[in-house]
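Listed below, chain by chain, are the residues.
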Amino acid sequence: MLIRPAPARLALLVALTLGATFAHAQEKVLNLYSARHYQTDEALYANFTKATGIRINRLDGKEDELVERIRNEGANSPADVLLTVDAARLEVADSLGLFQQVQSRVLEERIPATLRTRTWFAFSTRARVIVYNKTAVQREAVQNYADLSAPALKGQVCVRSGSHPYNLSLGAAMIAHDGEPKTEAWARGLVANFARAPKGGDTDQIKAVAAGECGVTISNTYYLARLMRSAKPEDQKVMNAVGVVWPNQSTWGTHINVSGAGVLKHAPNREAAVKFLEYLASDEAQAYFANGNNEWPVVPSVKVPNKELASLGTFKPDQLPIGDLAKTTVQAQKVFDRAGWK
Ligand code: FE
């Protein structure tokens, strides 16, 4: 995420915006707690207000802070919708009982069954791909996640922390498909191949791969599209130096993760909240929402005009229901801990 307000500023912001809400109790409002901070989302919210007359009070925050906040606010929470990234995080919120069940024909018809749960819904997808240095590593050697633990890649792997939700969700998918022993053996092999101790985000790893500090990494697709779209010559150089592989095309497919949202259990404006989710699934909102962070829409008929993403080609995504990742996420953390993937 781009902008992360300090906790003090966050508190002030919520006091101001929500204070204003209570002053105009007659006005139709929606209180949105959001961990997405993209310029394009502004237009999205303005269009919702234009179409429905419902004003959006937005509280921006970090993913984990927002969940903690909603939890602490309890039954008095003014929050109607939590919008955040990563299936593992959405499932944490769900397991804490923060969401309520939503039945909506619109959402059921538009969002594929594998990309929704009974309580929360995905609104865009990103894939976790393999990125390699074209001069240091053979493309054929890195076709599967499993390949990254092969002894041939000793000293070649850079990757962010094993505790990060993106890697935990990947680990959860691997456990679901291949079982825990195989996933643990993979994680041990991966750690044995590290070029350096995990540090930084996905973009830092891509840059390290391009610079030859390591030969291969794992990254979310939107970081690659962001570098491709960058006007900076150094970013162009980075992208020229690396190749991108859709992993596991001959097995269970490339792991995908999501941005998603759910209606909160104590939502004071429940009707507006459901309307907002349905709006996010509309053709117009889907294109905006996905493209704003170089992601794919969840509604299959919606296409985004994103030539950088399109340049990566088509792929077979993992069909594991996104809500099922939760069942093995805690297990994934334990497996990575045992393997020493800090
Ligand atoms: Fe990210």
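Residues numbered from 1 in each chain as written. Predicted model: local features only at pLDDT ≥ 70, side-chain atom pairs only at ≥ 80, totals over all residues. Heavy atoms only, no water.

Trainee: How would you summarise the coordination of the iron ion if you had to cite specific residues and measurements?
Mentor: Distances from the iron ion to its protein donors, Tyr166 (OH), Tyr222 (OH) and Tyr223 (OH), fall within 1.9 to 2.1 Å. Among the residues examined, Tyr166 registers a relative accessible area of 4% and is labelled buried. (Donors = N, O, S within 2.8 Å, 3.2 Å for Na, K, Ca; no water. Buried < 20%, exposed > 50% of the residue type's maximum accessible area, 1.4 Å probe, protein only.)

Trainee: With reference to specific residues and values, describe the environment of Gly201.
Mentor: Position of Gly201 relative to the elements: it lies in the loop between helix H7 (180-192) and helix H8 (202-210). As for Gly201 and Ser161, which are separated by 40 residues in sequence, their C-alpha atoms are 8.3 Å apart. (Helix = DSSP H or I, 4+ residues; strand = E, 2+ residues; numbered from the N terminus.)

Trainee: Please provide a residue-by-residue account of unusual backbone geometry, values included.
Mentor: Of note in this structure, Asn248 is not a glycine but carries a positive phi near 60 degrees. Following the sequence through the fold, Asn248 ends up in the loop between strand S6 (242-245) and strand S7 (256-263). A positive phi angle, near 50 degrees, is found at Asn294, a position not held by glycine. Counting through the fold element by element, Asn294 comes out in the loop between helix H12 (283-292) and strand S8 (296-297).

Trainee: With reference to specific residues and values, describe the domain arrangement of the protein.
Mentor: According to the domain assignment, the protein contains domain 1 (6-124 + 258-306) and domain 2 (126-255 + 314-339). Every contact between the two is made by 22 residues of domain 1 and, on the other side, 21 residues of domain 2. There are one salt bridge connecting domain 1 and domain 2. The interface formed by domain 1 and domain 2 contains five residue pairs in polar contact (both at pLDDT 80 or more). Of all the elements in the fold, those that place two or more residues in the side of domain 1 that touches domain 2 are helix H4 (87-95), strand S4 (120-133) and S7. For the side of domain 1 that touches domain 2, the leading source of residues is H4, giving four residues. (Domains from an automatic or database assignment. Contact = heavy atoms within 4.5 Å. Salt bridge = Lys/Arg side-chain N within 4 Å of Asp/Glu carboxyl O. Polar contact = N/O pair within 3.5 Å; in protein donor to acceptor, adjacent residues only side chain to side chain.)

Trainee: Requested: an account of the layout of surface pockets, with residues and values cited.
Mentor: Considered as a void within the structure, the largest pocket measures approximately 650 Å³ in volume. In terms of lining residues, the largest pocket is bounded by 27 residues, among which Thr125, Trp296, Pro297, Phe315 and Pro317 are the most central. Breaking the lining of the largest pocket down by element, the ones donating at least two residues are S8 and helix H13 (307-311). Of the residues assigned to the lining of the largest pocket, the class counts are 18 nonpolar, seven polar and two charged. Here the lining of the largest pocket spans two domains, and each of domain 1 (6-124 + 258-306) and domain 2 (126-255 + 314-339) adds at least three residues to it. Of the volumes computed, that of the second largest pocket is approximately 350 Å³. Around the second largest pocket sit 16 residues that line it, and Ala88, Arg89, Val92, Leu168 and Thr329 are the ones nearest its centre. Elements supplying a minimum of two residues to the lining of the second largest pocket: helix H3 (63-73), H4, helix H6 (165-178) and helix H14 (326-339). Looking at the lining of the second largest pocket, the element that brings in the most residues is H4, giving five residues. Counting residues domain by domain, the lining of the second largest pocket receives three or more from each of domain 1 (6-124 + 258-306) and domain 2 (126-255 + 314-339). (1 Å grid on protein atoms, 1.4 Å probe; cavity = no way out; pocket = protein on both sides within 12 Å on 5 of 7 lines; lining within 4 Å. Points joined across faces, edges and corners; volume = space filled by probe spheres on them. Nonpolar A, V, L, I, M, F, W, Y, C, P; charged D, E, K, R; others polar.)

Trainee: Give a detailed account of the side chain of Thr254, specifying residues and quantitative values.
Mentor: Note on placement: Thr254 falls in the loop between S6 and S7. Thr254 gets classed as buried once you look at its relative accessible area, which sits at 0%. Apart from the residues within four sequence positions on either side, Thr254 is in contact with Ala127, Arg128, Val129, Tyr145, Trp246, Pro247, Asn248, Gln249, Phe315, Lys316, Pro317 and Asp318.

Trainee: So what about the pairing of S4? Which residues, and what values?
Mentor: Counting buried positions along S4 yields 14 of 14 residues, so the element is predominantly enclosed. As defined by bridge partners, S4 adjoins strand S5 (residues 216-220) across five bridges and the pair is classed as antiparallel. Residue pairing for S5: Val129 is matched across the bridge by Ser219. (Pairing = 2+ DSSP bridges.)

Trainee: Pulling in residues and values, what's your account of the nonpolar core?
Mentor: Core analysis: the largest hydrophobic core is formed by 104 residues, its most contacted members being Phe123, Trp186 and Phe276. Examining the composition of this core, we find that nine residues originate from one element, S4, more than from any other. When we break this core down by domain, the ones giving at least three residues each are domain 1 (6-124 + 258-306) and domain 2 (126-255 + 314-339). Apart from residues lying up to four places away in sequence, Phe276 is in contact with Leu30, Leu32, Tyr45, Phe48, Ile56 and Val81. (Core = buried A, V, L, I, M, F, W, Y, C linked by side-chain atoms within 4.5 Å.)

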